[in-house]
Protein chains: 2
Amino acid sequence: MPSADRRLEPRRKPRQVRAELTRDRILTAAAHVFAESGYAAGTTNRIAERARVSIGSLYQYFPNKDAILAELLVRHIDRGTWTGADELDLSPGTLEATVRALVRDAIDNHSDDPALLRVMIEEAPVSQELRDTIDRHGKQRTAQVLDVVVRHPDVHVGDPAVAAEMILLTVEINTHKFMADRGTTPVETFEDELVAMVTRYLRGDR
Amino acid sequence: MPSADRRLEPRRKPRQVRAELTRDRILTAAAHVFAESGYAAGTTNRIAERARVSIGSLYQYFPNKDAILAELLVRHIDRGTWTGADELDLSPGTLEATVRALVRDAIDNHSDDPALLRVMIEEAPVSQELRDTIDRHGKQRTAQVLDVVVRHPDVHVGDPAVAAEMILLTVEINTHKFMADRGTTPVETFEDELVAMVTRYLRGDR
DNA sequence: GACTATTGTGAGCATTAGCTCAGCTAATTT
DNA sequence: AAATTAGCTGAGCTAATGCTCACAATAGTC
């Protein structure tokens, strides 16, 4: 294992459609392999094999294994970006509904491929570089939530900025944990409790 | 990297004091090495070197690298077990204080060695076996929290069991995140917000 | 068709980590 | 003080993975 290049940028960018396709095939294959075997056992050779692409091609578009994971992670995060954020209802009495929408989003995002998510969140080594990338992509979401926290009339918290970050992390992680090892608890129960937690916190009256 | 023995039990248990000492030296060294270099780069040879112990000795007490991490993790968890749980105040109006105690515990536990904690939580590969061990040790805490949730007169939540697990995860993770990359926010602010979140959730009035 | 740019190939190298084991030293027991 | 048990050593083996690079194939352009 040579000391890997820590850069996440590829050495070549796709210019033709077939290249774009190869790239996608690699990513899809990587998702499957990681989900099935975990990060360490998900070798680049296996990924290439599964994608029916030569290992050389893989290294055309991804400088190293971590970069593949990074891309998958970023895709997950970006997929979670709140689409209907513009037409947010800021009238009194709608707080719970807004929070519920946020929670539902998270649950949906974690429904697709819990195994892959587990690998990415629990098993993958997170470099400083990757952490920065994640933060950058998370900023958008934090901003959206912060916007609600600041502008919604029903919200009463001490420090909106801290609140926004706390809420996002809490929703994300709890959802992940719940989806990763489902017990006997129905999703609805979980959803209700999580919504209750966040809503009551935000509402903040005693 | 030979396919590692997945067992976490050592091949020999210390019988003499000097052996116990060697074991401790290894663990302490491992904590340092992991904290400094991360999990992947924290090789067993470097750990042994740092502990001034031969690599052979290391493998007397730990069957593989993961086992060392497992022990460190378990120690962290066990250290967090609520000591004063017996004399819990269950009279009305004391809920916030109880929650604050829980949060303070978490903060204290993460103050010692944030770097190591980050490696253990974010970077370390978590096998099924290790996950089970963690769960087992976490059970005690969940039980304690569940006890409060069920018995305290001020608590009103839909599903106490779900609530207990959610609270623990939320407090642990938020504390970890906060301590891992301290921004400009003072600890007190963070503490207050986290306490508010949990307390308001538990109190459950609207 | 000729020429260039882009994309794809895969055997195998370089590296490095985890771990073993044969034999030594120290403690304990008899 | 001999015998036995426990503890310690470290050179080096085994295995495997990430990754390179010289070349081949395909697509695009004139």
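This section reports on the structure supplied with the text. Everything numeric in this text was worked out from a predicted model, so none of it was measured.

### Remarks on the nonpolar core
And step 1. Grouped together as the largest cluster of nonpolar side chains are 54 residues, with contacts concentrated most on Val171, Tyr201 and Leu202 of chain A together with Val171, Tyr201 and Leu202 of chain B.
And step 2. Secondary-structure elements contributing two or more residues to this core are α5 (95-111), α7 (128-151), α8 (160-180) and α9 (187-203) of chain A together with α5 (95-111), α7 (128-151), α8 (160-180) and α9 (187-203) of chain B.
And step 3. With sequence-adjacent residues up to four places away left out, leucine 202 of chain B is seen in contact with Leu95, Val99, Val149, Asp154, Val155, His156, Val157 and Ile167 of chain B.

### A closer look at the protein's contact with DNA strand D
And step 1. Arg12, Arg15, Thr22, Ser54 and Ser57 of chain B are the nearest of the 29 residues found near DNA strand D.
And step 2. Those atoms of DNA strand D that come within 4 Å of the protein belong to sugar or phosphate at a rate of 64%.
And step 3. Measuring from a sugar or linking oxygen of DNA strand D, one finds a side-chain N or O atom of arginine 18 of chain B at 3.1 Å.
And step 4. Broken down by secondary-structure element, the contributors of at least two residues to the surface near DNA strand D are α2 (44-50) and α3 (55-61) of chain A together with α1 (17-41) and α3 (55-61) of chain B.
And step 5. For the surface near DNA strand D, the element with the most residues is α3 of chain B, which contributes five residues.
And step 6. For the surface near DNA strand D, the class distribution of residues is eleven nonpolar, eleven polar and seven charged.

### Here we look at the protein's contact with DNA strand C
And step 1. Neighbouring DNA strand C are 28 residues; Arg12, Arg15, Gln16, Thr22 and Gly56 of chain A lie closest to it.
And step 2. Here DNA strand C approaches the protein such that, of its atoms within 4 Å, sugar and phosphate make up 67%.
And step 3. Contacts to DNA strand C include glutamine 16 of chain A, whose backbone N or O atom sits 2.6 Å from a phosphate oxygen.
And step 4. Between DNA strand C and the protein, one listed contact pairs a base nitrogen with a side-chain N or O atom of asparagine 45 of chain B at 3.3 Å.
And step 5. Looking at the surface near DNA strand C, the elements that each hand over two or more residues are α1 (17-41) and α3 of chain A together with α2 (44-51) and α3 of chain B.
And step 6. Residue contributions to the surface near DNA strand C peak at four residues, all from α3 of chain A.
And step 7. Across the surface near DNA strand C, the residue classes break down as eleven nonpolar, ten polar and seven charged.

Procedures and definitions
- The residue count restarts for each chain, going from 1 along the sequence in the order it is written.
- Numbering of ligands from 1 and lettering of chains from A proceed in the order in which they are written.
- Restriction of local features to residues with pLDDT of at least 70 applies here, the model being predicted, together with a cutoff of 80 or more for giving and counting side-chain atom pairs; totals for whole chains, interfaces and linings are based on all residues.
- Think of the side-chain values as coming from all heavy atoms in the structure, minus any hydrogens and water.
- Nine residue types can take part in a nonpolar core, namely buried Ala, Val, Leu, Ile, Met, Phe, Trp, Tyr and Cys, and a core is a set of them joined through side-chain atoms within 4.5 Å.
- Partly exposed describes any residue whose relative accessible area lies between the buried limit of under 20% and the exposed limit of over 50%, with all areas from a 1.4 Å probe on protein chains only and scaled to the type maximum.
- Strands are runs of DSSP state E lasting at least two residues, helices are runs of H or I lasting at least four, and both sets are numbered from the N terminus onward.
- Residue contacts are counted whenever heavy atoms from the two residues lie within 4.5 Å of one another.
- Being near a molecule or strand, for a residue, comes down to having at least one heavy atom within 4 Å of it.
- Whenever a nitrogen or oxygen atom comes within 3.5 Å of another N or O atom, the pair is scored as a polar contact, on the condition that within protein one atom can donate a hydrogen and the other can accept it, and that pairs from neighbouring residues in sequence are kept only if both atoms are in side chains.
- In this count, Pro and Cys sit with the nonpolar residues alongside Ala, Val, Leu, Ile, Met, Phe, Trp and Tyr, while Asp, Glu, Lys and Arg are called charged and the others, Gly among them, polar.

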